[in-house]
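Here's the letter readout for the chains.
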Amino acid sequence: MLRLLGLLQTHRYWAGMELADRLGVSPRTLRRDVDRLRELGYPVQASRGVAGGYQLKAGAAVPPLLLDDDEAVAIVAGLRGAVAGSVAGIEEAAVRALAKVTQVIPPRLRHRADALGAYTVPVPLGGPPVDAGLLTAIALAARASEQIRFGYTDREGAVTRRRVEPDRLVSLGGRWYLVGWDVDRADWRTFRLDRIAGPLTTGARFRPRELPGGDAAAFVRAAVRAVPRSGRHQVDVLVRAPVADVARAVGQWGTVEPEGPAAPDGPGDGDRCRLRMAVDDLAWPMLVLASVGAPFEVLGPPELTTYLRSVAGLFGGSRAAPGTGAGPRTG
């Protein structure tokens, strides 16, 4: 049946006899396997007659996936890379998917995926690294409404033990945060995952609570802004680009608001918007602005202007060595 699905997923029309021959089964067995695929949710269309056959059409929902061993390992490895931030904007969805896949793949395939991950190097978009296993464990606890217990190091370096009812994992500003109900403090709190040690499930179940405001990303953003950080930069930039373009580049790591059309005779005519971010590292807004690729004006802080000029000077004064080409060589 797995081989049958693989052939049907080419989206071509297969004559019944040709398909049966490719699979080495009788037409009756082929019809039975097609019926089983339909029961799983795959919309297989059939036509009768001498030239009758089968074709897989797109459905209204994603049916259960049938994967061979190599495909399962590839999916786990790819999801772990997405969790690390190699693809912006899908980190939280990747954690949810990774938690589901990890629950169902056999241990032998999990070991293969672990070995692959141990000898590959992901390139995160920024922020401290967080183990994918930690993210998966917390996501599974949140999904099962199971309380967790862990050691937590606060920004002053003090270590405390916490009992938390996990609600959501949020990726913001290159960091991962856990939003949850702190049992001992009887309040909603946010926790940076790179400061969590030894998360343990307690076996205690809880009834999910309603997060104030209902938006986990907004809750984390407000909590981060409220933290007094002398080294934190409040970035404010006027970008001459549509809101959608800038919002797509910054994701959940900042806010974008329309500012009105630009002057008709100036560079970057058209829509303008206001980009605001709270960052520790000025390289982060620089990467966002570079990905947008539109004219902009820094409204604050002055350190960002200085930083951008230094980077522009660095690249402006660089050149490729003679005979080496413009980029690294690959073998």
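Residues numbered from 1 in each chain as written. Predicted model: local features only at pLDDT ≥ 70, side-chain atom pairs only at ≥ 80, totals over all residues. Heavy atoms only, no water.

1. Here's the deal with the overall build of the protein
Logical step 1: The number of helices and strands found in the protein is eleven helices and twelve strands.
Logical step 2: Restricting to contacts in the protein with at least 6 residues of sequence separation, those with at least 24 account for 61%.
Logical step 3: Here the protein displays about 19,100 Å² of accessible surface, and carbon together with sulfur accounts for 54% of that area. (Helix = DSSP H or I, 4+ residues; strand = E, 2+ residues; numbered from the N terminus. Contact = heavy atoms within 4.5 Å. Areas by Shrake-Rupley, 256 points an atom, 1.4 Å probe, with all protein chains shown as cover.)

2. Points about a positive patch on the surface
Logical step 1: Taken together, the side chains of Arg-28, Arg-31, Arg-32 and Arg-48 make up a positively charged region of the molecular surface.
Logical step 2: For Arg-48, the location among the structural elements is in the loop between strand S2 (44-47) and strand S3 (53-56).
Logical step 3: Since its relative accessible area comes to 85%, Arg-48 is described here as exposed. (Patch = residues over 30% accessible without salt bridge, like charges linked within 9 Å, V, L, I, M, F, W, Y side chains within 5 Å. Salt bridge = Lys/Arg side-chain N within 4 Å of Asp/Glu carboxyl O. Lys, Arg positive; Asp, Glu negative; His and termini not counted. Charge placed at Lys NZ, Arg CZ, Asp CG, Glu CD. Buried < 20%, exposed > 50% of the residue type's maximum accessible area, 1.4 Å probe, protein only.)

3. Overview of unusual backbone geometry
Logical step 1: Here the amide bond leading from Gly-300 into Pro-301 is cis, since omega sits at -5 degrees, within 30 degrees of zero.
Logical step 2: Located in the positive-phi region is Ser-145, a residue other than glycine, with phi close to 55 degrees.
Logical step 3: The topology assignment puts Ser-145 in the loop between helix H7 (132-143) and strand S4 (146-153).
Logical step 4: The backbone phi angle of Ala-186 is positive, close to 50 degrees, even though this residue is not glycine.
Logical step 5: Here Ala-186 is to be found in the loop between strand S6 (175-182) and strand S7 (187-192).

4. Some remarks on the packing of aromatic side chains
Logical step 1: Taken as a whole and judged by the stated rule, the model has four aromatic pairs.
Logical step 2: Their ring planes at 70 degrees and their centres at 6.5 Å tell us that Phe-150 and Tyr-152 sit as a pair that is edge-to-face. When sorted by exposure, Phe-150 lands in the same class as Tyr-152, which is buried.
Logical step 3: Relative to Phe-191, the ring of Phe-150 lies with its centre 5.4 Å away and its plane at 85 degrees, an arrangement referred to as edge-to-face. Note that Phe-150 is positioned in strand S4 and Phe-191 in strand S7, a separation of 41 residues in sequence. (Phe/Tyr/Trp six-rings, centres within 6.5 Å; stacked < 30°, edge-to-face > 60°.)

5. Details of the side chain of Arg-221
Logical step 1: Inspection of the secondary structure assignment puts Arg-221 in helix H8 (residues 216-226).
Logical step 2: With residues near it in sequence (within four places) discarded, Arg-221 still touches Leu-172, Gln-252, Gly-254 and Thr-255.

6. Side note on the packing of helix H9 (residues 243-250) against helix H10 (residues 283-292)
Logical step 1: Packing of H9 against H10 brings their axes to within 9 Å, and their N-to-C directions diverge by 135 degrees. If you check the angle between H9 and H10, you find them oblique. In this structure, H9 meets H10 at a crossing whose hand is right-handed. In this structure, H9 uses Asp-245, Val-246, Ala-249 and Val-250 to contact H10, whose residues at the interface are Val-288, Ser-291 and Val-292.
Logical step 2: Here the residues of the contact of H9 with H10 sort into five nonpolar, one polar and one charged. (Axes fitted to C-alpha atoms, helices over the stretch in contact; angles between N-to-C directions. Parallel < 35°, antiparallel > 145°, perpendicular 65-115°, else oblique. Left-handed = near helix turned anticlockwise from the far one by under 90°. Nonpolar A, V, L, I, M, F, W, Y, C, P; charged D, E, K, R; others polar.)

7. Things to note about the packing of H10 against helix H11 (residues 302-316)
The geometry of a pair of packed helices is captured by two quantities: the angle between their axes and the separation between those axes.
Logical step 1: Interaxial distance between H10 and H11 falls to 10 Å at its minimum, and their mutual angle equals 65 degrees. Our classification of the angle between H10 and H11 gives roughly perpendicular. Crossing handedness for the pair H10 and H11: right-handed. Touching Ala-283, Pro-285 and Met-286 of H10 are Leu-304, Tyr-307, Leu-308 and Val-311, all from H11.

8. Section: the environment of Pro-302
Logical step 1: Checked against the element boundaries, Pro-302 lands in helix H11.
Logical step 2: On the basis of relative accessibility, which here comes to 63%, the residue Pro-302 falls in the exposed class.
Logical step 3: Separated by 69 residues in the primary sequence, Pro-302 and His-233 place their C-alpha atoms 9.8 Å from one another.

9. Details of the pattern of salt bridges
Proximity of charged atoms lets side chains of opposite charge pair with each other.
Logical step 1: Counted under the stated rule, the structure contains twelve salt bridges.
Logical step 2: A salt bridge links Asp-35 to Arg-38, with the shortest nitrogen-to-oxygen separation between them at 3.4 Å. Linking Asp-35 with Arg-38, this pair stays in helix H3 (residues 27-40), spanning three residues, or about one helical turn.
Logical step 3: A relative accessible area of 36% means that Arg-38 is categorised as partly exposed.
Logical step 4: Residue Arg-209 is joined to Glu-165 by a salt bridge in which the shortest nitrogen-to-oxygen separation is 2.9 Å. In this pair, Arg-209 is assigned in the loop between strand S8 (196-205) and H8 and Glu-165 in strand S5 (residues 159-172), connecting sequence segments 44 residues apart.
Logical step 5: The exposure class of Arg-209 is partly exposed, given its relative accessible area of 39%.
Logical step 6: Put simply, Arg-162, Asp-182 and Arg-185 are held in one network by salt bridges that share partners.

10. Digging into the nonpolar core
Logical step 1: Val-239, Val-246, Leu-275 and Met-277 are the most contacted members of the largest nonpolar core, which totals 33 residues.
Logical step 2: Contributing elements (two or more residues each) for this core: S5, S6, H8, strand S9 (233-239), H9, strand S11 (273-279), H10 and H11.
Logical step 3: Looking at which element gives the most residues to this core, the answer is H10, with five residues.
Logical step 4: With 18 residues, the next largest nonpolar core counts Val-130, Leu-134, Leu-135 and Ile-196 among its residues. (Core = buried A, V, L, I, M, F, W, Y, C linked by side-chain atoms within 4.5 Å.)

11. Describing the sheet that holds S2
Logical step 1: Spatially, S1-S3-S2 is the arrangement adopted by the three strands of the open sheet, whose pairing is antiparallel. Across the chains shown, the open sheet's two edge strands, defined by having one partner strand only, are strand S1 (14-15) and S2.
Logical step 2: With four bridges connecting them, S2 and S3 associate as antiparallel partners. When the bridges of S3 are listed, Ala-46 appears paired with Tyr-54. (Pairing = 2+ DSSP bridges.)

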